[in-house]
Amino acid sequence: GRLRADDDRRERIAGDVHYFVFYRYVFGYDASGALRFARVLPHDVIAGRALADGLLLATEQGQVLFLSQKDGALSVQAGLGVALASASLGAPPTPAAAGLAGPDLRHSLTEIALDADNRLVPARAYAVRQLAALNDPEVTRELLDIYGRTTTPPELARVVADALRTRRTGLEHLIDALRSRYDFIEQTRPAPLAVVIPALVDAGDARAVPGLLERFLDHE
């Protein structure tokens, strides 16, 4: 099939893996629908072909890439040296060369969420929700970091705030955030209390009570 640069999305299915491509992002799912890997590519995808062992892609900058169906490991198959408006991919005559192991899911979802490409906010919001579903305690810290970035658009910040209210691991990062104060000399920013406090209240973690009471009595 064909992919055009102005297409919103396309899905490719092969064996027990299927792929979702959104401009520069690729998500790979297993047969149960669970997210297996996510990747950020350097340029927009204009064509794709699902193979038995992975996904073959062409980008607008003339690169032909291969992503392993196992973990999204990326390898460059060819560089055409010219920009492309469209492409049609056939099956390669030889198996695609293996690339380096793909990044773990938490790091790749965080990379997508922090990406500065504001064309892709819907997919970045999807990455945030998938990130929040992981049990890793460090996810809570990373969600706070995403929320606090000045480059995070308001619509994505709202998704992050909602995602934080679902967290039940890594709550120590929310408790620590209560101590953050604005200091011009130290260049520290105030805690995002409108996000932190609802998340802690929803979680019902008693460890947060002293910090919450302190903030209620704070003259700030």
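The rules we used
Residues numbered from 1 in each chain as written. Predicted model: local features only at pLDDT ≥ 70, side-chain atom pairs only at ≥ 80, totals over all residues. Heavy atoms only, no water. Phe/Tyr/Trp six-rings, centres within 6.5 Å; stacked < 30°, edge-to-face > 60°. Buried < 20%, exposed > 50% of the residue type's maximum accessible area, 1.4 Å probe, protein only. Helix = DSSP H or I, 4+ residues; strand = E, 2+ residues; numbered from the N terminus. Core = buried A, V, L, I, M, F, W, Y, C linked by side-chain atoms within 4.5 Å. Contact = heavy atoms within 4.5 Å. Polar contact = N/O pair within 3.5 Å; in protein donor to acceptor, adjacent residues only side chain to side chain. Pairing = 2+ DSSP bridges. Axes fitted to C-alpha atoms, helices over the stretch in contact; angles between N-to-C directions.

Novice: Tell me about the packing of aromatic side chains, and name the residues and values.
Specialist: Note on aromatic pairs: each is described by the distance of the centres and the angle between the planes. Here the structure, examined in full by the defined rule, presents five aromatic pairs. Residues Phe 20 and Phe 22 carry aromatic rings whose centres are separated by 6.4 Å and whose planes lie at 15° to one another, so their mutual orientation is stacked. Its relative accessible area of 11% is what places Phe 22 among the buried residues. Judged by centre distance (5.2 Å) and plane angle (90°), the ring pair of Phe 27 and Tyr 126 falls under edge-to-face. Of the two residues, Phe 27 sits in strand β3 (residues 25-29) while Tyr 126 sits in helix α2 (residues 121-132), which places them 99 residues apart along the sequence. In this structure an aromatic cluster arises from ring pairing among Phe 20, Phe 22, Tyr 23, Phe 27 and Tyr 126.

Novice: A description of the nonpolar core should follow, citing residues and the corresponding values.
Specialist: Core analysis: the largest hydrophobic core is formed by 42 residues, its most contacted members being Phe 27, Leu 109, Val 128, Leu 143, Leu 164, Leu 174 and Leu 200. Secondary structure elements with two or more residues in this core: β3, β4 (35-40), α1 (105-114), α2, α3 (138-148), α4 (154-164), α5 (171-177) and α6 (193-203). If we ignore the near neighbours within four places in the chain, the residues touching Phe 27 are His 18, Tyr 19, Phe 20, Leu 35, Phe 37, Ala 38, Leu 109, Ile 112, Ala 123 and Tyr 126. Counting 11 residues, the second-largest nonpolar core is a separate cluster that includes Phe 37, Leu 55, Leu 57 and Leu 65.

Novice: Report on α1, specifying residues and quantitative values.
Specialist: By the criterion of burial, α1 is predominantly enclosed, with seven of the 10 residues buried. Taken residue by residue, α1 has Leu 105, Arg 106, Ser 108, Leu 109, Thr 110, Ile 112 and Ala 113 as its buried positions. Buried residues along α1 sit against β3, β4, α2, α3 and α4. N-cap assignment for α1: the residue whose side-chain oxygen lies 3.1 Å from the backbone N of Arg 106 is Asp 104.

Novice: Lay out the environment of Val 159 with the relevant residues and their values.
Specialist: Looking at where Val 159 falls in the secondary structure, it is placed in helix α4. With relative accessibility at 17%, the residue Val 159 sits in the buried group. When the C-alpha positions of Val 159 and Val 128 are compared, they lie 7.3 Å apart, and in sequence the two are 31 residues distant. With residues near it in sequence (within four places) discarded, Val 159 still touches Ala 125, Val 128 and Arg 129.

Novice: Give a description of α3 that names residues and reports values.
Specialist: Within the span of α3, buried status applies to Val 139, Thr 140, Glu 142, Leu 143, Leu 144 and Ile 146. Taken together, the buried residues of α3 touch α1, α2, α4, α5 and α6.

Novice: An account of the sheet that holds strand β7 (residues 63-68) is needed here, citing residue identities and associated values.
Specialist: Overall, antiparallel pairing links the four strands, which are arranged β5-β6-β7-β8 in an open sheet. Where the open sheet ends on each side, the last strands, each with one partner, are β5 (45-51) and β8 (74-79). Between one strand and the next, the sheet's axes are offset by a mean angle of 20°, whatever the strand orientation. Alignment of β5 against strand β6 (residues 54-59), held across six bridges, turns out to be antiparallel. Following the sheet pairing, Gly 48 is matched in β6 by Leu 57.

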